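What follows is the residue order along each chain.
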Amino acid sequence: MKKWAILLVVTMMATLVLSACSSGSSETKNESQSGTADQEKVQLKFTVWGDVASAGPEVKLTEEFNKSHPNIEVKFEPVPGDGYGTKLTTSLAAGQAPDVFLIGEGDYYKYVDKGVVEPLDSYLEADKSFDTSMFQKDLLDMGHINGKTYYLPKDFNPLSLWYNKKLFDAAGMEYPNENWTWDDLNAAAKKLTLKDDKGKIKQFGFNATKWEYPIFTYLWSNGTSISNEDGTKAEGFMNSDKTIAAMEKYVAMSKGADKVSPTPQDAETLGGDGSMFMTDKLAMMVTGRWVKYDLDRSKVDYGTSLIPKGADGERGGIIAAAGWAINANSKHKQEAYELVKWLSGKEAQVLRSEKGLVLPATVNELEEVKKTEVKDKPIIDMMAFAKKPVTMVSSNGSLFVEEFNKAMEKILLDQSSVKDALNEAAKNVDSKITK
Amino acid sequence: MKHKSRSEKAGYLFILPWFLGLLLFTIGPMIFSLILSFSKWDIITGIGSIEFVGLDNFVNIFKDELFYTSLKVTFIFALVSVPLYQIISLLVAMMLNMRTKGMNFFRLIFFMPSVIPAVAVSMMWIMILNPEYGILNKALSLVGIEGPAWLQDPKYALSALIVMGIWGIGNTIIIYLSGLQGVPEELYEAAQLDGAGIVRRFFSVTIPMISPTIFFNLIMGIIGGFQYFTQAFVMTNGGPLNSTLFYNLFLYNKAFKTYEMGYASALSWILFAIILIFTLIVIRTSSAWVYYNGDDDKD
């Protein structure tokens, strides 16, 4: 009896200590702050994914911010590797998350939905010196959720069509242009797909990826989508006749005797579309502008064009972006706002886009790039056709994407027909939607 | 009296660091996860949002198709890999137990893979198993076989992981080896004088004498088999078509991808129960087949 009682007391103590560890963290942080020499100095932390080496501008921006704000001490803590989401989530749970953090457009809704992101409207209203109209409207709109502004843009990457000039020249073909339809792309891809003497494909015309973003742009150009406008219904969209017909055509590009694209498995074993493209094994792909960094450092001679339009002349694009958010539980939101403003502001945009690494999110600076950079022009033009993927219109978005990906996997591995797989996926989505 | 209590105190003080570690890092989290398994918690919104839901998690788990898929994958893996690894380990250990020149070198070779971190091993095997450039399919093509896309084909992915696991059985081999070295030579001599051949000696002398080692390795193997995670996480991430969705991977996805901490905690306690049952079965049957030297009064 006595032993049990002791054990019980000890375990209860342990749990108390544990819970104190997690919930009391913010208080201890405050204590250490007041203990520093400068009583007034506010400590802020902010984080991005990637390592310090690739975040040169952020390091520099931090230094400059600390210099111009003597009352604030900012620490920059990037998270390398692919553990960013997990790290951010667990630190939010423990109440130790940074005051300012970076979120990718696909997760914008999720974090707002969880209530961990602070709306910026009241800060923006009170601050007349900061005019958000200097940003690209699309980018600002993306950070606008349920009537409030939650994110200010860091950088962005529109999707566009990338083509390998050498392979087009070798085939004596004209480069893709803005009048191309998906049928034109398909026909060109057929000519650009070459086999070796054993009948094995040594050069693919196009990469019909399983990644949902290019597929979304393809579906939009075909006048259809995997969800309704507000992302609450899949039945009649994900499995509509239009979607099924379009997806049958899309899948046929990477299957059968006439295939012009690697299957996702092929692409994976061949090192991914980027490296296939750089080694002249792939003639065309639809992907985000981030690929430019690698392409510019390889020997590949490439060009960009608009993503093809559909038979009816419709065209769709997606802008991938990253935005700064303030932690809703931050102790120093006003200071955090100052930091967000600085990190997304004009100076930061200029600094980041200096070497052409990223496109500036501000209107005037982007116009400059468009005038001088031939390869960036079609990419920037794609912004005019940008639509929001389902993850950016609803917190149900990830449900749609997850079920759609599952259906694609089944189709590509010959486990199901396009129609059956999409019917099942639509049913699954609708049964799981709660809002 | 006073003296005794003082030494008692000293004893407790000595174990205190370990005991605190156990409380903080093992018992505490276990109790927390037990509480969570009856709750709903998405982790992001902090500790205040834990919501008690009774048995909901368990009810939902038993309705979840993926739960059964992951159970199936894990059971197939354990059922095939545990006996397979034990037999191969024992055979290798017996080879390494021969008294030949340079044996230490071979022992080193067989043990070395278990020192390399699982993630590095996995990355290497991704390359070996690559259908296009991988050394395995290159070797197969030399004898006229066109190897499959090992990790990308739902028919082969699980088998590929099972076969790959053989590479990492160094630990088991070492334990068998030490077991084999503990078998007294005179038993073999006596058996040989009685006319026992090599097979008879193996089954009537070696196996009974090392049965405690087999017992230990079997239990560790079962636990390891059910908790398989790293390689699948790195190499296949459960795919293709969930053909390598191991139980622990399913659990991880629930906890850190969809942030259903309560659900994941419930899953972990179910796994705990499963492993406990299998371990108990082995322990219960052990009196029938495990022989302890000098434990003669029982017979």
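Every chain is numbered independently, its residues counted from 1 as its sequence is written. All chains are assigned letters beginning at A, and all ligands numbers beginning at 1, according to the order in which they are written. The predicted origin of the model limits local features to residues at a pLDDT of at least 70 and limits the giving and counting of side-chain atom pairs to 80 or more, whereas totals for whole chains, interfaces and linings rest on all residues. Note: side-chain values were computed over all heavy atoms of the structure, leaving out hydrogens and water.

Here the focus is the overall build of chain B. Numbering of helices and strands runs from the N terminus; a helix is a DSSP stretch of H or I covering at least four residues, while a strand is a stretch of E covering at least two. Helices and strands together make up the secondary structure of chain B, namely 14 helices and 2 strands. The C-alpha radius of gyration computed for chain B amounts to 24 Å, which surpasses the reference 19 Å derived for 299 residues by more than 25%, pointing to a less compact arrangement than a globule. With the C-alpha coordinates aligned to their principal axes, the bounding extent of chain B is approximately 80 × 75 × 35 Å. The buried share of chain B, reckoned over its 299 residues, is 40%. Contacts are assigned to residue pairs with any non-hydrogen atoms lying within 4.5 Å of each other. Taking all contacts inside chain B whose residues are at least 6 apart in sequence as the whole, residues at least 24 apart take part in 65%. In these tables, accessible area is a Shrake-Rupley quantity obtained with a 1.4 Å probe, and a residue counts as shielded only by the protein chains included in the view. On chain B, roughly 17,500 Å² of surface is accessible, and the fraction owed to carbon and sulfur atoms is 69%. We treat Lys and Arg as the positive residues and Asp and Glu as the negative residues; His and chain ends play no part in the count. The location of each charge is read from NZ of Lys, CZ of Arg, CG of Asp or CD of Glu. The centroid of the 18 positive side-chain charges in chain B is displaced by 7 Å from the centroid of its 18 negative side-chain charges. To get the radius of gyration, use the C-alpha atoms; to get the globule rule, take the number of residues to the power 0.38 and multiply by 2.2 Å. Each residue gets one of three labels from its accessible area relative to the maximum for its type: buried under 20%, exposed over 50%, partly exposed in between, using a 1.4 Å probe on protein chains only.

Two side chains carrying opposite charge are able to pair once their charged atoms lie near each other. Whenever Lys or Arg places a side-chain nitrogen within 4 Å of a carboxyl oxygen from Asp or Glu, that contact is recorded as a salt bridge. The full count for this structure, using the stated rule, is 27 salt bridges over all chains. Across the pair D42 of chain B and K114 of chain A runs a salt bridge, and its minimum N-O distance is 3.0 Å. With D42 of chain B in the loop between β1 (39-40) and β2 (51-52) and K114 of chain A in the loop between α5 (108-113) and α6 (121-126), the pair connects residues from two separate chains. For D266 of chain A, the salt bridge is made with K259 of chain A, and the minimal N-O distance between the two is 2.9 Å. You can call K259 of chain A buried: its relative accessible area is 18%. The network of salt bridges with shared partners includes K45, K75 and E77 of chain A.

Another aspect to go through is the side chain of R201 of chain B. Relative to the helices and strands, R201 of chain B is located in helix α10 (residues 198-209). As a buried residue without a salt bridge, R201 of chain B has its nearest oppositely charged side chain in E185 of chain B, at a separation of 7.3 Å.

What follows covers the interface of chain B and chain A. Taken residue by residue, the interface counts 26 residues in chain B and 26 residues in chain A. Across the chain B to chain A interface the summed buried area is about 2,300 Å²; carbon plus sulfur atoms make up 70%. What gets called buried area is simply the loss in accessible area from a 1.4 Å probe that two parts show on being joined, summed for both. Per-residue buried area on chain B facing chain A is highest for I44, Q152 and L241 of chain B; these three make up 28% of the total on that side. With a shortest N-O distance of 2.6 Å, E132 of chain B and K200 of chain A are connected by a salt bridge. By the criterion applied in these results, polar contacts are pairs of N or O atoms within 3.5 Å in which, for protein atoms, one can donate a hydrogen and the other can accept it, and in which residues neighboring in sequence qualify only through two side-chain atoms. At the junction of chain B and chain A, the tally comes to 7 residue pairs in polar contact (both at pLDDT 80 or more). Within the residue set of the side of chain B that touches chain A, elements represented by two or more residues are α1 (2-36) and α13 (247-256) of chain B. Looking at which element gives the most residues to the side of chain B that touches chain A, the answer is α1 of chain B, with 7 residues. All amino acids are sorted into three groups, where Ala, Val, Leu, Ile, Met, Phe, Trp, Tyr, Cys and Pro are nonpolar, Asp, Glu, Lys and Arg are charged, and the leftover types, Gly among them, are polar. Looking at the side of chain B that touches chain A, its residues break down into 18 nonpolar, 6 polar and 2 charged.

Further remarks concern the packing of helix α4 (residues 103-111) of chain B against helix α8 (residues 170-181) of chain B. Residue and element names in this part refer to chain B. Axis lines are fitted through C-alpha atoms, for helices just across the contact stretch, and the angle between N-to-C directions can take any value from 0 to 180 degrees. Here α4 crosses α8 at 140°, and the two axes come no closer than 8 Å. With respect to α8, the element α4 is oriented oblique. Here α4 contributes R107, F110 and F111 to the contact with α8, which in turn contributes G170, N171, I173, I174, L177 and Q181. Residues that form the contact of α4 with α8 fall into these classes: 5 nonpolar, 3 polar and 1 charged. Angle categories: roughly parallel below 35 degrees, roughly antiparallel above 145, roughly perpendicular from 65 to 115, and oblique for all the rest.

Here we come to the nonpolar core. In this structure, V117, Y151 and F156 of chain A are the most contacted members of the largest nonpolar core, which totals 105 residues. By residue number, the principal contributor to this core is helix α14 (residues 261-289) of chain B, which donates 10 residues. What counts as a domain boundary in this text is fixed by an automatic or database domain assignment. Two domains each donate at least three residues to this core, and these are domain 1 (39-157 + 320-381) and domain 2 (159-319 + 387-432) of chain A. With residues near it in sequence (within four places) discarded, V117 of chain A still touches F101, Y111, V112, Y150, Y151, A325, I326 and A328 of chain A. Grouped together as the second largest cluster of nonpolar side chains are 53 residues, L167, I215, Y218 and Y250 of chain A included. The nonpolar core is taken to be a set of buried Ala, Val, Leu, Ile, Met, Phe, Trp, Tyr and Cys residues, with the residues joined through side-chain atoms within 4.5 Å.

Residues and elements named next belong to chain A. According to the domain assignment, chain A consists of domain 1 (39-157 + 320-381) and domain 2 (159-319 + 387-432). When each unit is reduced to the centre of its C-alpha atoms, the spacing between domain 1 and domain 2 is 30 Å. With 23 residues of domain 1 in contact, the opposing surface of domain 2 contributes 20 residues. Summed over both sides, the interface between domain 1 and domain 2 buries roughly 1,900 Å², with carbon and sulfur atoms accounting for 61% of that surface. Of all residues in domain 1, Y109, N157 and K375 give up the largest surface area on contact with domain 2, accounting jointly for 34% of the area buried on that side. Run the count over domain 1 and domain 2 and you get 1 salt bridge. In this structure, R289 engages D376 in a salt bridge whose closest nitrogen and oxygen atoms are separated by 2.8 Å. At the junction of domain 1 with domain 2, the criterion picks out 7 residue pairs in polar contact (both at pLDDT 80 or more). Secondary structure elements with two or more residues in the side of domain 1 that touches domain 2: α5, α7 (137-142), β6 (152-164), β11 (319-326) and α18 (376-381). Per-class residue counts for the side of domain 1 that touches domain 2 are 12 nonpolar, 4 polar and 7 charged.

Here we take up the pairing of β6 of chain A. All names here are of chain A. Summarising burial for β6: 13 of the 13 residues are buried, a large majority. Paired strands, in this sense, are two strands between which DSSP finds at least two bridges. Bridge count between β6 and β11: 6 bridges; the pairing is antiparallel. Looking at the pairing, P158 lines up with I319 of β11. Alignment of β6 against strand β9 (residues 282-288), held across 5 bridges, turns out to be antiparallel. Among the inter-strand pairings, L159 is bridged to a residue of β9, identified as G288. Bridge count between β6 and strand β10 (residues 302-305): 4 bridges; the pairing is antiparallel.

Residues and elements named next belong to chain A. It is the contact of helix α11 (residues 241-252) with helix α19 (residues 397-412), at a shortest axis distance of 11 Å, that shows an interaxial angle of 50°. Regarding the angle of α11 to α19, the classification is oblique. α19 is crossed by α11, and the crossing has right-handed handedness. Every residue of α19 that contacts α11 at M247, Y250 and V251 is listed here: F404, M408, I411 and L412. By residue class, the composition of the contact of α11 with α19 is 7 nonpolar, no polar and no charged. Crossing handedness follows the turn of the near helix against the far one: under a right angle anticlockwise gives a left-handed crossing, and clockwise gives a right-handed one.

The geometry of an aromatic ring pair is captured by the separation of the ring centres together with the interplanar angle, meaning the angle of the planes. Residues and elements named next belong to chain A. Only the six-membered ring of Trp is used, alongside the rings of Phe and Tyr, when aromatic pairs are assigned; centres must lie within 6.5 Å, and planes under 30 degrees apart are stacked while those over 60 apart are edge-to-face, with the rest tilted. All told, the structure shown has 40 aromatic pairs over all chains when counted by the stated rule. Aromatic side chains F216 and F404 sit 6.4 Å apart centroid to centroid with 40° between the ring planes, which places their arrangement in the tilted category. Residue F216 is located in helix α10 (residues 212-221), and its partner F404 is located in helix α19; the two are separated by 188 residues in the primary sequence. Across this residue pair, the class does not change: F216 and F404 are buried. Linked through ring pairs, W211, Y213, F216, W220, W290 and F404 together constitute an aromatic cluster.

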